[in-house]
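Residues per chain are reported as follows:
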Amino acid sequence: MLEVERLPHRSVAKAVLSVEGLRHALASVRVMNDENILDKLFAGGNSYWLTRFVILRLLGFVYVIAFLVAAQQLVPLIGEHGLTPANHFLAAIQSQLGSRTAGMLRVPTLFWFENSDSALSIFAWIGFGLSLVVLGGYANAIILGILWAMYLSIVHIGQIWYGYGWEIQLLETGFLSIFLCPLIDGRPFPRCRPPILVFWLFRWLGFRIMIGAGLIKLRGDSCWRALTCLYYHYETQPIPNPISRYLHFAPHWFHKFGTAWNHFIELVVPWFSFGPRTARHTAGVLLVSFQIVLIISGNLSFLNYVTIIPFLACFDDTFLRHFLPATLVRRAEGAAQKSRPSRINNTIAIVLAVLVAYLSIAPVLNLVSGRQLMNYSYDPLDLVNTYGAFGTVGRERDEIIFEGTTDAIITGDTKWKEYKFKAKPGDPNLRPPFVAPYQPRIDWQIWFAAMASPAEYPWTLHFVWKLLHNDRGTLSLLANNPFPNEPPRYIRARLYRYQFAPLGESAWWKREPIGEWLPALSSDDAQLRRLLTAMDWLD
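Report follows, based on the coordinates.

Thresholds, definitions, all that
- Here the residue index of a chain counts from 1 through its sequence in written order.
- It should be noted that, the model being predicted, local features are given only for residues of pLDDT at least 70 and side-chain atom pairs only at 80 or more, the latter also being counted only at that level, while totals for whole chains, interfaces and linings use all residues.
- Hydrogens and waters are ignored; side-chain quantities use all the structure's heavy atoms.
- In this description a helix means any DSSP run of H or I spanning at least four residues, a strand means any run of E spanning at least two, and both kinds are numbered starting from the N terminus.
- For a helix, the expected span equals 1.5 Å multiplied by the residue count minus one.
- Relative accessibility under 20% of the residue-type maximum defines a buried residue, over 50% an exposed one, and the middle range a partly exposed one, all with a 1.4 Å probe and only protein chains included.
- Any two strands with at least two DSSP bridges between them are considered paired.
- Convention adopted: a line fitted to C-alpha atoms gives each axis, helices being fitted over their contacting stretch, and angles between N-to-C directions are expressed from 0 to 180 degrees.
- By the definition used in this description, the sense in which the near helix is turned from the far one sets the handedness, with an anticlockwise turn below a right angle giving left-handed and a clockwise turn giving right-handed.
- Between two residues, a contact is recorded if the distance between any of their heavy atoms is within 4.5 Å.
- Among the buried residues, those of types Ala, Val, Leu, Ile, Met, Phe, Trp, Tyr and Cys that are joined through side-chain atoms within 4.5 Å form a nonpolar core.
- The rule for a disulfide is simple: a pair of cysteine sulfur atoms within 2.5 Å.

## Considering helix α9 (residues 196–219)
Taking 1.5 Å per residue, 24 residues should reach 34 Å; α9 reaches 35 Å between its end C-alpha atoms and fits that length. Of all the 24 residues making up α9, 19 are buried; the element is thus mostly covered by neighbouring parts of the structure.

Structure below.
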């Protein structure tokens, strides 16, 4: 300070200006360094052209299956004369919340405006067509945004038929995918480079899926901790396939190893998806291959297919170029050379990341909670959810068999004919089918109903009523109609215990009767009519 006071006035001014200039220069350097860091971060997206291509193609495939299922099953399940009509569901929500606007905010769906059978059908087929466009290689933010909003609308009126974890998982995956693409340009390799932050968000989604599934198992059924759950799983899972039988009879050491491997994949491997390239690639291979094994072992709808999508974000083009056609690799390399950074897209990605981080607070607290919820959404749009699977494994498999007769009076000699379903076990001599990723939704719900009573699944009474009238829509959900000429006079439901027949036997299943699940009911049954009237199902 003394030194400065000795300087002439101009010298002091120059010195002050020099200090200020130095400060500005240092600040500029810091800003430039920060910009360089951000530029380097966002430039990393230039290594994910093939990754984006593969993610969007697989997403398109999953959407194709999901909308095909909707197109073929929505009307008989939730149509105007379906098993649980959507118009009744929306009316109940509006009545409970006091207004239609409140209902729209709590349960957002486009079907508030129109939910007729023709609207449901046209809506689903439009979604199917747009999904084929994405599968064919063309996707932009507008198309993906429309598909997301359409499937959200279906899930939110789907009731029990759409109460599975993979529905909200597809919605979260589909929402993130919107931000992988330019707004308009739908070419497979547009000018806009892939946003690296979105791939990190995909890894975060994959991490939550696997950690949630792993923790719910350790906190749930004791057989997961004893490494014995696979003794039962292949036989008691919702819809087994032919391979399930062979896996079921594998040695116990094989099942114990498989359970331990399951814990390793779900609880350890996901952490490496955030690591350096080699760790990420290794984690990606293990996570994807694990899902492929699950696809082979049973009919789990499109769960495993949609679960693979976020794991693909572990791979960059240096990995995928070894497995994809050379022409595709060259196109990706050309796009990378011509691409330019986009401040708008990078800003949008940052905003998205902040939103996901905020919405992740509740799912993370759920993961560390002793009362972990499985497959739960914390926001009306299902943007960031918590997941889990098979927290409990059944030790025995019970099946409901629906039977009908045209006899006017039921006697000990009455002949009953079975209704066959498209996928669930029925005739012990019939081989279990391969149906996944397609999902016969009524087969899944009857699997749940077999573990409960008719009072807990009242839609089964409406199902019986439909069978008593040979309802065409309901019969479309089944594999046969034992009464093509005239409706049955009575329908009953019996409970059987099923076990895989030992390998080498011609039959696929052994079964023994347990008892009555529903008594014989006719369309004249007064109690049945009262129950259906109370539910507004008497049509």
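## A closer look at the sheet that holds strand β3 (residues 397–405)
Read across the sheet, four strands follow the order β4-β3-β5-β6 without closing on themselves; strand pairing throughout is antiparallel. In this open sheet, the two edge strands, each paired with only one partner strand, are β4 (417–418) and β6 (509–521). Of the pairings in the sheet, the one linking β3 to strand β5 (residues 490–500) comprises nine bridges and is antiparallel in character. Bridging from a neighbouring strand, Ile401 pairs with Arg494 of β5.

## Quick word on the packing of helix α3 (residues 49–78) against helix α7 (residues 141–157)
Two elements in contact, α3 and α7, have axes separated by 11 Å at closest approach and are oriented at 35°. Here α3 and α7 pass one another in a crossing that is left-handed. Here α3 contributes Leu56, Leu59, Tyr63, Ala66, Phe67, Ala70, Leu74 and Ile78 to the contact with α7, which in turn contributes Leu144, Leu147, Trp148, Met150, Tyr151, Ile154 and Ile157.

## What to know about the nonpolar core
One finds Tyr151 and Phe402 to be the most contacted residues of the largest nonpolar core, which totals 132 residues. The element best represented in this core is α3, accounting for 19 residues. If near-sequence neighbours (up to four positions away) are discounted, Tyr151 is found in contact with Tyr63, Ala66, Phe67, Tyr162, Glu167, Leu170, Leu171, Phe302 and Arg441. Membership of the second largest hydrophobic core comes to six residues, among which are Ile401, Tyr496, Phe500 and Trp508.

## Some remarks on the state of the cysteines
Evaluation of the coordinates by the stated rule reveals one disulfide. There is a disulfide in this structure between Cys223 and Cys229, and the S-S distance comes to 1.7 Å. The chirality of the disulfide connecting Cys223 with Cys229 is right-handed, given an S-S dihedral of about 70°. Cys314 takes part in no disulfide bond, and the closest cysteine sulfur, belonging to Cys181, lies 19 Å away.

Limitation: the analysis is restricted to geometry and does not speak to function.
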